[in-house]
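A structural walkthrough
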Amino acid sequence: MTLSATVVGGSGFTGGELLRLLAGHPEFEVAQATSRQYDRKTVGSVHPNLRELDLRFSSPEDLESVDVLFAATPHGVSMEHIDAFRDAADTVVDLSADFRLGSEEQYDEWYDGHVAPEYLDKSVYALPELTRDELPGADLIAAGGCNATATILGLKPLFDADILTGDEQVVVDVKVGSSEGGASSGKASSHAERSGVVRPYAPTGHRHEAEIEQFLGLSVSFTVHAVDMVRGASATCHVFPDSPVTKGDLWGAYRESYEDEPFMRMVAGGGGVYRYPEPKAVAGTNFGEVGFEVDPGNKRLVVFSAIDNMMKGSAGQAVHAANVALGLDETLGLEFTGLHPVGTP
């Protein structure tokens, strides 16, 4: 079976990652990549790693009929064009925030409202570790936010094991790479301004809090820092459970949740240089790493998680979810395990 695919917004960083993954996927054929800015330019002129891909960008106004449409557009675009996307494809996978939340009221609170709220209860969150049972046959899939994805993956096993109920205090600090700002980001993401920084850019009120609350039932104290790396999101969660928790309890919880997951790795102490999850170790891959430590003196658990923000946090998650939705082997096109040693991710 060969499935045809369109990538809307193919000239961005995430769009390029989608094209890379789909071009190497044994069951997909890229039929179209759209870009207003680069209409009629070759894909390789924008994404130099894809120079061998015989494809030119076309206008997003001229969508071809395909099996699957991946929308890698800024927030607000997909909701305005969702009818056209669904007319063009049997399955739509949106990588923006437009269909991640479940109600119009949430978009009023966290974003700038929603112009197609009738679709919100039709979408399925794309993170297979969380929503695998809902994905088969889904025709509108919403990829999660990268910071929310890293946080949810770190905390989910604690809920699965009833270590957390949702009433506890949880403080989350996320460090993210410059690619999170996208290919058209502003002055703050220029090399001169970004190099060497550990800059808090969302000390409070980050929009991804809404996803965490929706899918875990947990209100978190959430802060995001921009740091000097290109790829990656690293979440450190400080958790204060109501009852004592041992390291054995944590190993049991994380193994129960992730031992059979094809894209999750447990890294908690041990020897060597990479003793805890690091974005550098998963750069370019769809893998997520999770780890933990116990601080009994302060009645605290410290949970670590690391992903590549453009892969597990976006394009890789989208392809993974599409594989599950379409009944394919969920690992297809996502087998790359990363490189070591590697420079700045």
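Everything below is about the structure shown above.
Just so we're clear, the structure is a prediction, and the values are computed from it rather than from any experiment.

**Quick look at the sheet that holds strand β9 (residues 198–202)**
With respect to topology, seven strands assemble into an open sheet ordered β9-β10-β8-β11-β14-β13-β12, the strand pairing being mixed. What marks the edges here is a single partner per strand, and that holds for β9 and β12 (264–266). Averaged over all pairs of adjacent strands, the angle between strand axes in this sheet comes to 25°, irrespective of strand direction. Looking at chain direction, strand β13 (residues 288–295) and strand β14 (residues 300–307) are connected through seven bridges and run antiparallel.

**Concerning the pattern of salt bridges**
Applying the stated rule across the entire model yields 16 salt bridges. Of the charged contacts in the structure, one is a salt bridge between K156 and D160, with a shortest N-O distance of 2.7 Å. Of the two residues, K156 and D160 are both situated in helix α6 (residues 146–160); the distance of four residues between them amounts to about one turn of the helix. You can call K156 buried: its relative accessible area is 12%. The class of D160 is partly exposed, set by a relative accessible area of 43%. We note a salt bridge from D173 to K175, for which the minimum N-O separation is 2.3 Å. Each member of the salt-bridge network shares a partner with another, and the members are E17, R20, R231 and D308.

**Describing the side chain of D94**
Relative to the helices and strands, D94 resides in strand β5 (residues 89–94). Despite its burial, D94 remains without a salt bridge, the nearest opposite charge being carried by R100 at 6.5 Å. There is a polar contact of 2.4 Å between the side chain of D94 and the side chain of S78. Aside from chain neighbours lying at most four places away, what touches D94 is A71, T73, S78, F99, I141, A142 and A143.

**Re the packing of helix α1 (residues 13–23) against helix α10 (residues 311–325)**
Two quantities define a packed helix pair, namely the angle between the helix axes and the distance between the axes. At their nearest, the axes of α1 and α10 sit 9 Å apart, and the two run at 40° to each other. Relative to α10, α1 is oriented oblique. Considering the relative orientation of α1 and α10, their crossing is right-handed. Facing T14, E17, L18, R20, L21 and L22 of α1, the residues of α10 in contact are M311, S314, A315, G316, A318 and V319.

Calculation rules
Residues numbered from 1 in each chain as written. Predicted model: local features only at pLDDT ≥ 70, side-chain atom pairs only at ≥ 80, totals over all residues. Heavy atoms only, no water. Pairing = 2+ DSSP bridges. Helix = DSSP H or I, 4+ residues; strand = E, 2+ residues; numbered from the N terminus. Axes fitted to C-alpha atoms, helices over the stretch in contact; angles between N-to-C directions. Salt bridge = Lys/Arg side-chain N within 4 Å of Asp/Glu carboxyl O. Buried < 20%, exposed > 50% of the residue type's maximum accessible area, 1.4 Å probe, protein only. Lys, Arg positive; Asp, Glu negative; His and termini not counted. Polar contact = N/O pair within 3.5 Å; in protein donor to acceptor, adjacent residues only side chain to side chain. Contact = heavy atoms within 4.5 Å. Parallel < 35°, antiparallel > 145°, perpendicular 65-115°, else oblique. Left-handed = near helix turned anticlockwise from the far one by under 90°.

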